[in-house]
Amino acid sequence: MPPPRTRGTALRHRLAELRGPDVPAKALDARALAALAANPGCKRRAILDGAGVNKAALASALGSPSVFGQSQFAFTRGNAFEAKVKADGGAELLRLVHERLDRTAEPPAHARVPDLTATGPEGRTARTALALREATEASGEWTLLDHPMLALDVAGSPAFLEPDAVVVHPDGSWTVVEIKSFPMLDGAADPAKVGAAARQSAVYVLALEQVAARLGAKPEAETPLGRSGSDGAPAPRVRHRVLLVCPMDFSNLPTASAVDVRKQRAVTARQLARLTRIEDIADALPDGTCFSPELPAADLTAAVESVPATYAPECLSACELAFHCRARSRASGAVTSLGRSVRAELGDLTTVEDVLSAARGESGDPDDPAVAALRRAARLRAEALGREPGDLGRAVEAPGRPEAVAVCH
């Protein structure tokens, strides 16, 4: 008789059934985890990522192929820029770390660059942890870890993450380095791209904190981060200011900025805690639900629609299923298609028709602040256009109902 399944084993088996027979799991990476943190209310993305479903293949099978991803030109340019930053043993990279984050330390005249080569992701993860321990114990020296491998527990299984670099300072603290190919113009970069890089770096910070906690833990039981271990030494400190390295202006010269990721780290940690409840999402699905791209289109659509989604325009830059979810959101008239800020202001009004009806005075509680604001906006709009407030939206048939956007704003 086979041994009984544990909770973790049963969950992994259930997620494998959702992927489909013989469909390999798509590994979670920092981008995917950061995107989850950016849209924590989307159960559809949570279950698909937790099950390791290839969302790009799924979107194509649904008839809404994704254009999300990095172009080959940008990928090649990014690799060339990263190689330039790390040339000569990472001398320029360490100079930027010293200049932006640790001016009180001795300038990095030279640095240790340990070999992190090992077999498989598990081997590379163990080799990285050993290198971090050795670098931390070798106080007074700079150490550069080039493409280390970190593991972060997600829904009961490890997600293997590979930051561009991790620097160990002479005081033994650790810093995440993220290298991007978008430029910094006059010392500032595109806020949206910086935000995405910060969310991605926050995932690496969380993974490093788990490594630091293990290094500072007692052999018989792990202790919280920062508490002394068996040898009396505290756990290494993971810095919450990461270094973002980008090209300067329109050149290929590197420049850098320190980015505080405490907020992004807290949001990501909360979302990862929610992912431990992914079994509850799976248990609520109909029996036989499967997201294999090999299924007939009708069955696959029904399976995807059985999981609630929380679409927002920001999904277009972060999720392969964004086009499919946008079409469904528009077809149902959901106000989420107008953006999260608009949705947050509308309270219990969840559809465009509800919004227009409330603005015209046909429905809604007059004491509701959202309803009162909509009716006032409708009166102001009618006065500006020389119309009656009740005419709002009656003769407009354009897709997306732009009149709702005018009222909401």
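### Some words on the overall build of the protein
- For the protein, the helix and strand inventory stands at 16 helices and seven strands.
- The buried share of the protein, taken over its 409 residues, is 44%.
- Residue pairs in contact within the protein that sit at least 24 positions apart in sequence constitute 63% of those at least 6 positions apart.
- Accessible surface computed for the protein: about 20700 Å², of which carbon and sulfur atoms make up 53%.

### Things to note about the environment of serine 363
- Relative to the helices and strands, serine 363 is located in the loop between α14 (352–360) and α15 (369–385).
- Once residues lying within four places of it in the same chain are set aside, the contact partners of serine 363 are Asp354, Ser357, Ala358, Val371 and Arg375.
- Within polar-contact distance, the side chain of serine 363 engages the side chain of serine 357 at 2.7 Å.

### As for the confidence of the model for the protein
- Of the residues in the protein, 86% have a pLDDT of 70 or more, and the chain-wide mean is 84.
- For residues 1–5, every residue scores under 50 in pLDDT, and the model assigns this stretch two contacts once sequence neighbours within four places are set aside.
- Scored below 50 in pLDDT, residues 394–403 shows eleven contacts in the model against residues more than four places distant or in partner chains.

### Quick word on the sheet that holds strand β6 (residues 241–247)
- Read from one edge of the open sheet, five strands run β1-β4-β5-β6-β7, paired in mixed fashion. Bordering the open sheet on either side are β1 (143–146) and β7 (254–260), each of which pairs with just one other strand. On average, adjacent strands in this sheet sit at an angle of 25° to one another, irrespective of strand direction.
- Here helix α6 (residues 87–101) sits on the sheet in contact with β1, β4 (165–168), β5 (174–179), β6 and β7, set at roughly 125° to β6.

### A closer look at the pairing of β7
- Relative to β7, β6 is paired through seven bridges, and the arrangement is antiparallel. Across the sheet, residue leucine 244 finds its bridge partner in β7, namely serine 257.
- The turn joining β6 and β7, which pair antiparallel and follow one another in sequence, is formed by six residues; a positive phi near 50° is taken by aspartate 249.

### Some words on the nonpolar core
- Grouped together as the largest cluster of nonpolar side chains are 68 residues, with contacts concentrated most on Leu33, Ile47, Trp174 and Phe291.
- When residues of this core are assigned to their parent elements, the largest contribution, twelve residues, is made by helix α8 (residues 191–215).
- Among residues more than four places away in sequence, those in contact with leucine 33 are Leu28, Leu152, Val154, Leu161, Val203 and Leu272.
- Membership of the second largest hydrophobic core comes to 17 residues, among which are Leu93, Leu96, Ala105 and Val177.

### A few points about the pairing of β6
- Most of β6 sits out of view: six of its seven residues are buried.
- With three bridges joining them, β5 and β6 adopt parallel strand pairing. Bridge pairing in β6 links valine 177 to leucine 243.

### Let's talk about helix α3 (residues 43–50)
- Taking burial as the measure, the eight residues of α3 include seven buried ones, the bulk of the element.
- Residues of α3 that are buried include every one of Arg44, Arg45, Ala46, Ile47, Leu48, Asp49 and Gly50, and no others.
- At the C-terminal side of α3, glycine 52 shows a positive phi close to 75°.

### Some remarks on the packing of helix α7 (residues 120–137) against α8
- At a minimum axis distance of 11 Å, the contact between α7 and α8 shows a crossing angle of 65°. Crossing angle aside, the handedness with which α7 passes α8 is right-handed. Residues Ala129, Leu132 and Arg133 of α7 touch α8, and the partners they reach there are Leu208, Val211 and Leu215.
- For the contact of α7 with α8, a count of residues per class yields five nonpolar, no polar and one charged.

### Looking at α7
- Compared with an ideal rise of 1.5 Å per residue, which puts 18 residues at 26 Å, α7 spans 26 Å between its outermost C-alpha atoms and is within 8% of the ideal.
- If you check which residues of α7 are buried, you get Thr125, Thr128, Ala131, Leu132 and Ala135. End-on, the buried residues of α7 take up no more than an arc of 125°, which puts them together on one face. Projecting away from the buried face of α7 at angles above 90 degrees are the exposed residues Glu122 and Glu137.

### Some details on the environment of glycine 90
- By the secondary structure assignment, glycine 90 is in helix α6.
- C-alpha of glycine 90 to C-alpha of aspartate 146: the two residues are 56 residues apart in sequence and 8.8 Å apart in space.
- If sequence neighbours within four positions are ignored, glycine 90 has contacts with Val85 and Leu144.

### Section: the pattern of salt bridges
- Evaluation of the coordinates by the stated rule reveals 20 salt bridges.
- Across the pair lysine 55 and aspartate 49 runs a salt bridge, and its minimum N-O distance is 2.6 Å.
- Overall, the relative accessible area of 6% leaves aspartate 49 in the buried class.
- With a closest N to O distance of 3.3 Å, arginine 124 and glutamate 162 form a salt bridge. A residue pair is termed long-range when its members are at least 10 positions apart, and arginine 124 in helix α7 and glutamate 162 in the loop between β3 (157–161) and β4 qualify at 38 residues.

About the criteria used
Residues numbered from 1 in each chain as written. Predicted model: local features only at pLDDT ≥ 70, side-chain atom pairs only at ≥ 80, totals over all residues. Heavy atoms only, no water. Helix = DSSP H or I, 4+ residues; strand = E, 2+ residues; numbered from the N terminus. Buried < 20%, exposed > 50% of the residue type's maximum accessible area, 1.4 Å probe, protein only. Contact = heavy atoms within 4.5 Å. Areas by Shrake-Rupley, 256 points an atom, 1.4 Å probe, with all protein chains shown as cover. Polar contact = N/O pair within 3.5 Å; in protein donor to acceptor, adjacent residues only side chain to side chain. pLDDT = per-residue confidence, 0-100. Pairing = 2+ DSSP bridges. Axes fitted to C-alpha atoms, helices over the stretch in contact; angles between N-to-C directions. Core = buried A, V, L, I, M, F, W, Y, C linked by side-chain atoms within 4.5 Å. Left-handed = near helix turned anticlockwise from the far one by under 90°. Nonpolar A, V, L, I, M, F, W, Y, C, P; charged D, E, K, R; others polar. Expected span 1.5 Å × (residues − 1). Arc of directions from axis to C-beta. Salt bridge = Lys/Arg side-chain N within 4 Å of Asp/Glu carboxyl O.

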